[in-house]
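Chain by chain, the residues run as shown.
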Amino acid sequence: MYSNEDYLLELIIESGLINLGDIAAARVQLTGTESVIERLIKENRFTEDQVAQVCAQSSSMEFIDLRSTAISPDMFDLISEDVARRFRVIPVMDDGYALTVAISDPLNFEVLDTLPHVIGREINPVCAAGSAIDQCIQINYGDGVIQEDEGDEEFSFDDESGDTNDAPIIKLVQQIFSEALKARASDIHIEPLETSLRIRYRVDGKLIEADNHPKKLLPAIIARLKVMSTTMSIAEKRLPQDGRIQLKAGNKEIDLRVSSVPSSHGESIVMRILDKSSLVLGLGELGFLSDDQENFRRYIKFPDGIILVTGPTGSGKTTTLYACLNYINKPDRKIITVEDPVEYEMAGINQVMVKADIGMTFSAALRAMLRQAPNVIMIGEIRDAETANIAINASLTGT
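Throughout what follows, the structure given in this document is the object of discussion. (Residues numbered from 1 in each chain as written. Predicted model: local features only at pLDDT ≥ 70, side-chain atom pairs only at ≥ 80, totals over all residues. Heavy atoms only, no water.)

So, on to the sheet that holds strand β12 (residues 350-353). Taken in spatial order, the three strands line up as β12-β11-β13 in an open sheet, and their pairing is parallel. At either margin of the open sheet sits one strand with a lone partner, and together these are β12 and β13 (376-379). Sheet twist, expressed as the mean angle between neighbouring strand axes with direction ignored, is 15°. Strand direction decides the pairing type here: strand β11 (residues 335-339) and β12, joined by four bridges, are parallel. Note that in β12 the partner of V338 across the bridge is V352. Relative to the sheet, helix α11 (residues 317-328) contacts β11, β12 and β13, its axis offset from that of β11 by approximately 165°. Packing against the sheet, helix α12 (residues 362-370) makes contact with β11, β12 and β13, and its axis sits at approximately 170° to β11. (Pairing = 2+ DSSP bridges. Helix = DSSP H or I, 4+ residues; strand = E, 2+ residues; numbered from the N terminus. Axes fitted to C-alpha atoms, helices over the stretch in contact; angles between N-to-C directions. Contact = heavy atoms within 4.5 Å.)

Here is the structure:
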């Protein structure tokens, strides 16, 4: 699959390899999750190498034929297997300044922007055929299954559901979890597109495309996730659902907050990764400078006032709030939180979950909490004027 097939088809037409009539005829012949370019390659209208050469020329890159290129075995130590598979790249040469990497889709700017940060190196991208990259990964990294190093964490599930006939799907889902945890992702997005199934991870607030699968796998993957969550109905596909999945990563317990929403191409699943080890983070480990950290410690100890923690998705708002609660959680303080939902359970703190369907909204919960004589209140979200007004009045006048 290519990130921008329509634009690439325009480039292929400009190169003289095909015309609009060829594309229209190919669209009629499409089957399953097949793309137009894949159909045209099958019909021998052009080769995958020719597509890669068009991509390279349009992006001012060099084309490389990996099947006839000798690559030093040492190169494969510079990019890990999971990164090579996730970004579909092959390390080719290292000149000491930039690492030359072969990519299959120069139009995927997300890969070009993200890869240098992931591997910690400047890159010099060259273009190669996708099948040649896949073959090179297969030969130099393994048999297509993620191999865990002896020092890596092993991932196991709390449930034992699943039939032996479902083993490939179980392994695929476990691989998705494993790669997300290795990437330190905050969210996993499983998104059905028109002809494929896209897997993306949110890392440091930015979504990174990790993989694409045939769309026919969607029902089996969703069924597996719903079985693991125990509270979601496999039969219900028309309404949004929420659930939780528990994982174990070594000695750590990981919770996944699962949300399914019906879309035009099938059910979309988003899983928020909740790592309980982040609860014990100190304020210093959140990245504060020493002066800012000292000021912040002083602010959260004040007997009154309000602190707002804002930022985009995945920026660390929840982690910051829980680190603050962990810091001020003392026996002489009554702390109450109102959350939607309760993401982490903390000992010694009264945590209230919003249930809007029965009238337990943020504002209703907050009004009830004020009658509990708390010292500290944590509000998960301020979504409306009423909640904001109650929160501000409480911070000004006390409880």
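To continue, consider the sheet that holds strand β1 (residues 89-94). Across a sheet, strands are paired by hydrogen bonds formed along the backbone, either parallel or antiparallel in direction. A sheet is described by the order of its strands in space; here three strands give the open sequence β1-β2-β3, paired in mixed fashion. Each end of this open sheet is capped by a strand with a single partner; those strands are β1 and β3 (122-127). Strand-to-strand, the axes of this sheet are offset by a mean angle of 35°, without reference to chain direction. Bridge count between strand β2 (residues 98-103) and β3: six bridges; the pairing is parallel. Paired with T100 across the strands is N124, a residue of β3. Sitting on the sheet, helix α6 (residues 109-119) touches β1, β2 and β3, and the angle it makes with β3 is about 135°.

A separate point is the packing of helix α1 (residues 5-14) against helix α2 (residues 20-28). Contact pair α1 / α2: the axes reach a minimum separation of 10 Å and the direction vectors enclose 140°. Considering the angle they form, α1 stands oblique to α2. Contacts from D6, L9 and I13 of α1 reach α2 at L20, I23 and R27. Grouping the constituent residues of the contact of α1 with α2 by class yields four nonpolar, no polar and two charged. (Parallel < 35°, antiparallel > 145°, perpendicular 65-115°, else oblique. Nonpolar A, V, L, I, M, F, W, Y, C, P; charged D, E, K, R; others polar.)

This part takes up α11. Over its 12 residues, α11 extends 17 Å from the first C-alpha to the last, a length consistent with the 16 Å expected when each residue adds 1.5 Å. Of all the positions in α11, only T320, Y322, A323, C324, L325 and I328 are classed as buried. Looking at the buried residues of α11, the elements they touch are α10 (290-300), β11, β12 and β13. (Expected span 1.5 Å × (residues − 1). Buried < 20%, exposed > 50% of the residue type's maximum accessible area, 1.4 Å probe, protein only.)

Within α12, burial applies to F362, S363, A365, L366 and M369. Within α12, the buried residues cover an arc of 160° as seen down the axis, which keeps them to one side. (Arc of directions from axis to C-beta.)

Bringing the pattern of salt bridges into the picture now. Per the counting criterion, the structure on display carries 17 salt bridges. Overlapping salt bridges, with partners in common, bring together D187, R202 and R272 in one network. (Salt bridge = Lys/Arg side-chain N within 4 Å of Asp/Glu carboxyl O.)

A separate point is unusual backbone geometry. Its identity as a non-glycine residue notwithstanding, R184 has a phi of 55°, on the positive side. Positive phi, normally seen in glycine, also occurs at A373, with a value near 50°. Among the structural elements, A373 can be located in the loop between α12 and β13. Judged by relative accessible area, A373 falls into the exposed class, the value being 52%.

Moving on, we come to the pairing of strand β6 (residues 196-203). Side-chain positions along a regular strand alternate between the two faces of the sheet. Counting buried positions over the eight residues of β6 gives eight, a clear majority of the element. In β6, alternate side chains face the same way, and those of S196, R198, R200 and R202 on one face and L197, I199, Y201 and V203 on the other are all buried. One ladder, built from six bridges, connects strand β5 (residues 187-192) with β6; its direction is antiparallel. Each bridged residue has a counterpart across the sheet, and for D187 the counterpart in β6 is R202. As consecutive antiparallel partners, β5 and β6 are separated by three residues.

Core analysis: the largest hydrophobic core is formed by 80 residues, its most contacted members being L66, I90, F177 and M271. If you tally residues by element for this core, the top one is helix α8 (residues 167-182), at seven residues. Leave out the neighbours within four places in its chain, and M271 touches F177, S186, D187, I188, I190, L225, I245, L256, R257 and V258. Counting 12 residues, the second largest nonpolar core, distinct from the first, contains F296, Y322, I328 and I349. (Core = buried A, V, L, I, M, F, W, Y, C linked by side-chain atoms within 4.5 Å.)

Right, let's talk about the environment of P214 for a bit. By the secondary structure assignment, P214 is in strand β7 (residues 206-214). Here the alpha-carbon distance between P214 and T195, two residues 19 residues apart in the chain, equals 7.5 Å. When sequence neighbours within four positions are dropped, the list of residues in contact with P214 reads T33 and L197.

Quick look at the pairing of β1 now. Pairing between β1 and β2: five bridges, direction antiparallel. Directly across from M93, in β2, lies its bridge partner T100. Counted along the chain from β1 to the antiparallel partner β2, the turn is three residues long, and its residue G96 has a positive phi close to 90°.

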